[in-house]
Amino acid sequence: ETRVAPGGHAAVLAVNNLFRNLSIGLSLTLDAASGLEGAPIGGTGAATWANNTIADSGYSGLSLEIDAGAEATMTISSNLVVRSGGYGVGLADGLLGVVTLAGGHNGFFGNQLGDVQAPLTLTDSVVDDPLFVSGDDLHLRTHSPMLDAG
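Novice: Explain the pattern of salt bridges to me, please; I cannot follow it from the model alone.
Specialist: It is possible for side chains bearing opposite charge to pair when their charged atoms get close. Inspection of the entire model under this criterion finds three salt bridges. A salt bridge links D136 to R20, with the shortest nitrogen-to-oxygen separation between them at 3.9 Å. Taken together, the positions of D136 in the segment after β15 (126-127) and R20 in strand β3 (residues 18-20) put the pair 116 residues apart, joining distant regions of the chain. For R20, a relative accessible area of 26% puts it in the partly exposed group. For R83, the salt bridge is made with D56, and the minimal N-O distance between the two is 2.6 Å. Of this pair, R83 sits in the loop between β10 (80-82) and β11 (87-95) while D56 sits in the loop between β7 (53-55) and β8 (62-66); the two residues are 27 residues apart in sequence, bridging distant segments of the chain.

Structural data, given as structure tokens:
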């Protein structure tokens, strides 16, 4: 969902979703000229990713791209990112703009290049096997370390 809030700032909100088997993962781009996801906001924006499961992406589960001259506030909390071909949360083309990253209590497991690409940091994350019911059923088992972790 992309919305333009009063005052001309755009916000992207992704909550309570399952993203699975994406060839390149999810990408969130902030451009200095056009803003977040193409909304006319003059290069500032906010994004919230919360309570999502991102599994089996071909590249990073969530890729952030912040162009030169752009500023973003991103909240990434209580997500589960597993078995990505890249990072759990990574940078698409480097970090050229300014990003304020908030949030925490995310779960990571089996991401090939690591969980969070530097210089990004996320606090209070759990790195452990989420103990899904099966490879096809991404419900958590009753003794999963991810239950009530965020």
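Novice: Help me understand the nonpolar core, please; the structure alone is not making it clear to me.
Specialist: Note that soluble globular proteins tend to have their nonpolar side chains buried in a common cluster. Ranked by size, the top nonpolar core spans 20 residues in total, and within it W49, L62, L64, M74 and V89 carry the most contacts. For this core, the secondary structure elements donating two or more residues are β6 (44-50), β8, β9 (71-77) and β11.

Thresholds applied
Residues numbered from 1 in each chain as written. Predicted model: local features only at pLDDT ≥ 70, side-chain atom pairs only at ≥ 80, totals over all residues. Heavy atoms only, no water. Salt bridge = Lys/Arg side-chain N within 4 Å of Asp/Glu carboxyl O. Helix = DSSP H or I, 4+ residues; strand = E, 2+ residues; numbered from the N terminus. Buried < 20%, exposed > 50% of the residue type's maximum accessible area, 1.4 Å probe, protein only. Core = buried A, V, L, I, M, F, W, Y, C linked by side-chain atoms within 4.5 Å.

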